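So the chains spell out like this:
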Amino acid sequence: MLVDFWATWCGPCHMLSPVLEKLAEESAGAWKLAKVDTDRNPAISAQYDIQGIPAVKLFLNGAVQSEFVGALPEEAVSKWLAESLPSEAKLSLEAARALLESGDEGQAEAVLREALAREPESAEARLLLAKLLIHREPGEAAELARGAKDPEGALHQLREAILAISDLMALDPKELPEGGGRAAFALALASLSEGELDGTLSQFIEVIRLDRPYHGDAARLTCVAIFTLLGPQHATTRKHRRAFDMALF
């Protein structure tokens with residue numbers, strides 16, 4: 001339900017009203033438009049803290065999901081609706097997050113693939129699926145991550161972590177340069193290829209202790225990527241983070 005708070009004396013309200021009515025008609029019933037005259041309904045206006053009009057609020061399950069104030073142009077309102085309204089892809093992402101939280105990675109993968117079938121450009125769906133596949137199918141994971149266009153914040157960090165790990169997994173241990181960290185680095189790669197991150201972090205931290213600059217500081221960079229992949233509260237991150245920090249200094 002989209003609610004338009006307006007008043008007869010409000011010029012911007014009369015500019016926005018036909019835009020909302022047009023978009024509501026074009027939605028073919030996907031959402032409904034209701035109008036509240038703030039002068040005739042002061043109690044409702046006070047209940048929803050209407051400070052300025054036009055004020056538009058999107059209600060989902062009885063709660064305000066999103067809102068804006070002012071007479072936005074049609075293009076801006078359309079964009080806001082696209083970002084705010086639930087979609088099958090968004091619902092699939094919510095389900096996938098819940099499944100990942102519960103540890104059901106198999107079902108989460110199926111749900112994420114369905115989400116991408118509906119919305120191939122979804123950066124979050126791409127990166128969550130890539131995170132699941134990074135140890136089993138690093139090539140596909142890298143392809144998914146590269147296709148995630150312009151992710152921001154935590155998603156950008158996740159994308160960089162996935163790409164860093166996938167690049168390292170493609171490295172042939174025989175091609176490692178000579179140096180004090182070579183043996184530990186090779187063991188870390190072997191653990192990484194098996195998805196055994198506890199051993200991977202232990203060996204990379206050993207590389208940092210022995211020869212931090214080895215192979216372009218890759219041990220440190222990969223530890224950071226793994227911590228990003230797991231998150232700060234993961235048991236493996238918490239186990240190794242202090243040793244990692246101490247190895248740097």
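Values in this document were obtained by computation on a predicted structure and should not be read as measured data. (Residues numbered from 1 in each chain as written. Predicted model: local features only at pLDDT ≥ 70, side-chain atom pairs only at ≥ 80, totals over all residues. Heavy atoms only, no water.)

Chemist: So what's going on with the overall build of the chain? Which residues, and what values?
Modeler: The helix and strand inventory of the chain stands at 12 helices and four strands. Since a compact globule built from 249 residues should have a radius of gyration of about 18 Å, the 25 Å found for the chain marks it as more spread out than a globular shape. Dimensions of the chain along its principal axes, counting C-alpha atoms only, are 80 × 40 × 30 Å. Evaluated residue by residue, the chain yields a buried proportion of 42% over its 249 residues. Of the contacts formed within the chain by residues at least 6 apart in sequence, a portion of 56% connects residues at least 24 apart. Only carbon and sulfur atoms are counted for the fraction: they give 52% of the accessible area of the chain, which is about 13,600 Å². Side-chain charges in the chain split into 25 positive and 38 negative, and the spacing between the mean points of these groups amounts to 3 Å. (Helix = DSSP H or I, 4+ residues; strand = E, 2+ residues; numbered from the N terminus. Rg over C-alpha atoms; globule rule 2.2 N^0.38 Å. Buried < 20%, exposed > 50% of the residue type's maximum accessible area, 1.4 Å probe, protein only. Contact = heavy atoms within 4.5 Å. Areas by Shrake-Rupley, 256 points an atom, 1.4 Å probe, with all protein chains shown as cover. Lys, Arg positive; Asp, Glu negative; His and termini not counted. Charge placed at Lys NZ, Arg CZ, Asp CG, Glu CD.)

Chemist: Provide a residue-level description of the environment of S45, including the pertinent values.
Modeler: Within the element layout of this structure, S45 appears in helix α2 (residues 42–47). The class of S45 is buried, set by a relative accessible area of 8%. For the pair S45 and L72, spaced 27 residues apart in sequence, the C-alpha separation works out to 20 Å. The residues contacting S45, other than those within four sequence positions of it, are F5, T38 and I50.

Chemist: How would you summarise the packing of aromatic side chains if you had to cite specific residues and measurements?
Modeler: Counted by the stated rule, this structure contains six aromatic pairs. Taken together, F5, Y48 and F59 form an aromatic cluster joined through their ring pairs. Looking at K35, its charged tip hangs above the ring of W6, at a distance of 5.3 Å from the centre. (Phe/Tyr/Trp six-rings, centres within 6.5 Å; stacked < 30°, edge-to-face > 60°. Lys NZ or Arg CZ within 6 Å of the ring centre and 35° of its normal.)

Chemist: Outline the state of the cysteines, supporting the account with residue identities and numerical values.
Modeler: For the coordinates displayed, the defined rule picks out one disulfide. Each sulfur of the disulfide joining C10 and C13 lies 2.4 Å from the other. Disulfide C10-C13: the torsion about the S-S bond is 80°, which places it as right-handed. On the basis of relative accessible area, C13 is assigned to the buried category, the value being 1%. (Disulfide = S-S within 2.5 Å.)

Chemist: How would you summarise the pattern of salt bridges if you had to cite specific residues and measurements?
Modeler: Per the counting criterion, the structure on display carries 16 salt bridges. Across the salt bridge formed by E124 and R97, the nearest N and O atoms sit 2.8 Å from each other. Here the residue E124 occupies a position in helix α6 (residues 123–133), and R97 occupies one in helix α4 (residues 88–102), the gap between them amounting to 27 residues. Judged by relative accessible area, which is 22%, E124 ranks as partly exposed. Given a relative accessible area of 37%, R97 falls into the partly exposed group. The residue R146 makes a salt bridge to D167 at a minimum N-O spacing of 3.7 Å. Pair noted here: R146 is in helix α7 (residues 138–146) and D167 is in helix α8 (residues 153–169), with a separation of 21 residues, a long-range link. Residue classification places R146 among the partly exposed positions, given a relative accessible area of 46%. (Salt bridge = Lys/Arg side-chain N within 4 Å of Asp/Glu carboxyl O.)

Chemist: I'd like a rundown of the side chain of T236, residues and numbers included.
Modeler: Residue placement: T236 occurs in helix α12 (residues 235–247). Sequence-distant contacts of T236, that is, excluding residues within four places in its chain, are made with L197, D198, L201 and L230.

Chemist: Provide a residue-level description of the pairing of strand β4 (residues 63–69), including the pertinent values.
Modeler: Strand residues, when the strand is regular, have side chains that alternate between the two faces of the sheet. Sheet topology places strand β3 (residues 55–60) next to β4; six bridges connect them, and they run antiparallel. When the sheet's bridge partners are listed, L60 is paired in β4 with A63. (Pairing = 2+ DSSP bridges.)

Chemist: Residue-level account of unusual backbone geometry, with values.
Modeler: Residue P54 is reached from I53 by a cis peptide bond, and omega for that bond is 0°. By the secondary structure assignment, P54 is in the loop between α2 and β3. One non-glycine residue with positive phi stands out, namely D49, at about 55°. Residue placement: D49 occurs in the loop between α2 and β3. Even without being a glycine, D150 presents a positive backbone phi close to 50°. Topologically, D150 is positioned in the loop between α7 and α8. By relative accessible area, D150 is classed as exposed at 71%.

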